[in-house]
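# Results of the structural survey
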Amino acid sequence: MALPDVVSREQWLQARLSLLGQEKEMTRQRDRLNADRRRLPMVRIDTEYVFEGPEGAAGLTDLFDGSRQLMVQHVMFGPDWERPCPSCSGAISNMVPSVFSGLRTRKTTFVLVSRAPYARIAEAKEQRGWDVPWYSSYSSDFNYDFEVSVDKADVKEPRYNYRDEPELRGEDAPTELPGISCFLRDGDEVFHTYSSFARGMDYNWTLYPLLDLTALGRQEEWEEPKDRVEAPRGAVPTFDE
Amino acid sequence: MALPDVASSGEWRKARLELLAHEKELTRHQTAINAERRRLPMVRIDKKYVFEGPDGPVELKDLFGDSRQLIIQHVMLGHDWDDACPGCTAGIDELAPGHLRHLSSRDTAFALVSRAPFAKIAEVKERKGWFTPWYSAYGTDFNYDFQVSLDESRGQVEYNYRAEPGLLGGDRSSEMSGMSCFLRDGANVFHTYSTYARGTEFLGNTYTFLDMTALGRQEDWEEPKDRVPAVRGGDPTFTD
């Protein structure tokens, strides 16, 4: 095994300062990218998707639960799967209620959606003790439209992460894929603003990176473009009403 | 208020693909920086720091438990403060037992350290219902050496690797936030990394924590090679 070289504090500091310069450059690159993401246009959703949740059938608008924004984590859990994918499960088991309540303070509701029938979702939730809103898109095109289900019978030319993925046609290829999609509500209309897949989700599991994916961003005064929310906050990572 | 322009799905897709290229560039940039971080040298800790925890005094090496690595979140709570800083609080509120379990499955312990005496820490921890191990650095040089307590009378006015005298002052002690990583090799403990300010903003999931450490995610695709005896595949699962 090869461990880092052992050096004096002064030598370490010199190396650390050089890395710090690169880290700051990356933070600035990320800020610019986040602003460009918020400048994306959006697409009105004209399809009436019907999900099933704990209280029966629900439309996409219902999933907002009063917020202006909705984030959907596409959890890999196919209709004939015994259990959801282990990686998705790992991420969900790390989501404590304060993540959801914190997002709500910034007008954003977070839910999970899988293609497994709701009975199976309810069972998985119960087994793991997860207290997250989780809906079934079993009988709708939702998962196909957002390119996270690619089972062979329904999809001739599988696409994932905005490109053709012919290897997803193989016998052993997964039928369900992970992703995250963001929606914005304006009056009665719902718009799709963003979807991210694959490594685009690596850094998602705290509130700032999550909010950075949405059209309204962190809703802080320093962000570009301006004027997305009525009362932007200061640049403080607190999440109270 | 200004909302995004409404576009057709074809127009949106074109804009999205353009952004995707930038996003991939950032992911690659992040991956390269993470490798650079693991290439940093490390410094042996020769000073004996004695912390106080729920079971009395402990040393830095004790904070590792059985793990090879230790991540310390420097929580802003001074001896004369009534409560932990709200930003630190929000971060700790979002920690799930799964984070600590997953880190531990990759040989990495996680602990909080503040300069307040342990009695105050125990009281705040109880009140907030936190489960993360939290130690007091009261009476040690630890917080000064790692630049998260500033005190002009001790000549320590640096934060994020530069002099920040503007952060001094006010009626109470000057505490700052940060994260520090340590590696154990036999009886020796080494400091590998510390990050402050916006450098801590994207931390929270198991990968982002592990990306700060000398051993990384411990997966077979990472550079530099050969840091752990048995590397895993590039798969975000965290079982022992």
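So, how was this worked out
- Residues numbered from 1 in each chain as written.
- Chains lettered and ligands numbered in written order.
- Predicted model: local features only at pLDDT ≥ 70, side-chain atom pairs only at ≥ 80, totals over all residues.
- Heavy atoms only, no water.
- Helix = DSSP H or I, 4+ residues; strand = E, 2+ residues; numbered from the N terminus.
- Buried < 20%, exposed > 50% of the residue type's maximum accessible area, 1.4 Å probe, protein only.
- Contact = heavy atoms within 4.5 Å.
- Lys, Arg positive; Asp, Glu negative; His and termini not counted.
- Charge placed at Lys NZ, Arg CZ, Asp CG, Glu CD.
- Core = buried A, V, L, I, M, F, W, Y, C linked by side-chain atoms within 4.5 Å.
- Salt bridge = Lys/Arg side-chain N within 4 Å of Asp/Glu carboxyl O.
- Polar contact = N/O pair within 3.5 Å; in protein donor to acceptor, adjacent residues only side chain to side chain.
- Nonpolar A, V, L, I, M, F, W, Y, C, P; charged D, E, K, R; others polar.
- Axes fitted to C-alpha atoms, helices over the stretch in contact; angles between N-to-C directions.
- Parallel < 35°, antiparallel > 145°, perpendicular 65-115°, else oblique.
- Left-handed = near helix turned anticlockwise from the far one by under 90°.
- Pairing = 2+ DSSP bridges.
- Phe/Tyr/Trp six-rings, centres within 6.5 Å; stacked < 30°, edge-to-face > 60°.
- Lys NZ or Arg CZ within 6 Å of the ring centre and 35° of its normal.

Of the regular secondary structure elements, chain B holds six helices and twelve strands. Across its three principal axes, chain B shows a C-alpha extent of roughly 60 × 55 × 35 Å. Residues counted as buried form 55% of the 240 residues belonging to chain B. Across chain B, the fraction of contacts at a sequence separation of at least 24, relative to all contacts at a separation of at least 6, is 63%. Counting 29 positive and 38 negative side-chain charges, chain B places the averaged centre of each group 4 Å from the other.

Let us look at the nonpolar core. Inside soluble globular proteins, nonpolar side chains tend to come together where they are buried. Counting 107 residues, the largest nonpolar core has Phe51(B), Leu60(B), Phe142(B) and Phe182(B) as the members making the most contacts within it. Other than its neighbours up to four places away in sequence, Leu60(B) contacts Ile45(B), Tyr49(B), Phe51(B), Leu70(B), Ile72(B), Phe142(B), Phe182(B) and Val189(B). Core analysis: the next-biggest nonpolar cluster, separate from the first, contains 16 residues, Tyr49(A), Tyr135(A), Phe183(A) and Val190(A) among them.

Turning our attention to the interface of chain B and chain A. Between chain B and chain A, the contact holds 81 residues from the first and 78 residues from the second. Here Glu147(A) ties to Arg13(B) by a salt bridge, and the two come within 3.2 Å at their closest N and O atoms. For the pair chain B and chain A, the number of links is 30 residue pairs in polar contact (both at pLDDT 80 or more). For the side of chain B that touches chain A, the elements supplying multiple residues, two or more each, are helix 1 (9-38), strand 1 (43-44), helix 2 (86-93), helix 3 (97-105), strand 11 (178-185), strand 12 (188-196) and helix 6 (206-210) of chain B. Top element by residues in the side of chain B that touches chain A is helix 1 of chain B. It accounts for 22 residues. Here the residues of the side of chain B that touches chain A sort into 34 nonpolar, 23 polar and 24 charged.

Right, let's get into the side chain of Ser149(A). All names here are of chain A. With respect to the helices, strands and loops of the structure, serine 149 is situated in the loop between helix 6 (142-145) and strand 7 (159-160). Polar side-chain contacts of serine 149 include one of 2.9 Å to the side chain of arginine 115. For serine 149, the side chain forms a polar contact with the side chain of glutamate 176, separated by 2.6 Å.

Mapped onto the elements, Leu40(A) comes out in the loop between helix 1 (9-38) and strand 1 (43-44). For Leu40(A), a relative accessible area of 5% gives the class buried.

In this section: the packing of helix 1 of chain A against helix 1 of chain B. For the pair helix 1 of chain A and helix 1 of chain B, interaxial distance at closest approach is 10 Å and the crossing angle is 160°. Put simply, helix 1 of chain A runs roughly antiparallel to helix 1 of chain B. Considering the relative orientation of helix 1 of chain A and helix 1 of chain B, their crossing is left-handed. Between helix 1 of chain A and helix 1 of chain B, the residues in contact are Leu19(A), Gln22(A), Glu23(A), Glu25(A), Met26(A), Gln29(A), Arg30(A), Leu33(A), Asp36(A) and Arg37(A) and Leu19(B), His22(B), Glu23(B), Glu25(B), Leu26(B), His29(B), Gln30(B), Ile33(B), Glu36(B) and Arg37(B), respectively. Across the contact of helix 1 of chain A with helix 1 of chain B, the residue classes break down as six nonpolar, five polar and nine charged.

Turning our eyes to something else, we now look at the side chain of Gln219(A). By the element assignment, Gln219(A) lies in the segment after helix 7 (207-212). A polar contact is formed between the side chain of Gln219(A) and the backbone oxygen of Arg106(A), at a distance of 2.7 Å.

All names here are of chain B. Where burial is concerned, most of strand 11 is hidden: six out of the eight residues are buried. One ladder, built from six bridges, connects strand 4 (residues 69-74) with strand 11; its direction is antiparallel. For histidine 74, the partnering residue across the bridge sits in strand 11 and is glycine 178. Where strand 11 lies against strand 12, eight bridges are found, and the strand directions are antiparallel. In the strand pairing of strand 12, serine 180 is matched with serine 194. Hairpin connection between strand 11 and strand 12: a loop of two residues separates the two successive antiparallel strands, and glycine 186 in this loop has a positive phi of roughly 60°.

Attention now goes to the packing of aromatic side chains. On inspection of all chains with the given rule, the structure shows 24 aromatic pairs over all chains. A centroid spacing of 5.2 Å and a plane angle of 85° characterise the contact between Tyr49(A) and Phe142(A), whose relative ring orientation is edge-to-face. A residue pair is termed long-range when its members are at least 10 positions apart, and Tyr49(A) in the loop between strand 1 and strand 2 (50-53) and Phe142(A) in helix 6 qualify at 93 residues. Neither residue differs from the other here; Tyr49(A) and Phe142(A) are each classed as buried. Measuring from ring centre to ring centre gives 5.4 Å for Phe146(B) and Phe182(B), while their planes differ by 75°; the resulting arrangement is edge-to-face. Here Phe146(B) is found in the loop between helix 5 (142-145) and strand 7 (149-150), whereas its partner Phe182(B) is found in strand 11, with 36 residues between them in sequence. For Phe146(B), a relative accessible area of 5% puts it in the buried group. Ring pairs connect the aromatic residues Tyr49(A), Phe51(A), Phe142(A), Phe146(A) and Phe183(A), which therefore count as one cluster. In this structure, Arg154(B) packs its charged tip against the face of Tyr144(B), placed 3.8 Å from the ring centre. Lying across the ring of Trp81(B), Arg172(B) places its NZ or CZ 3.6 Å from the centre.

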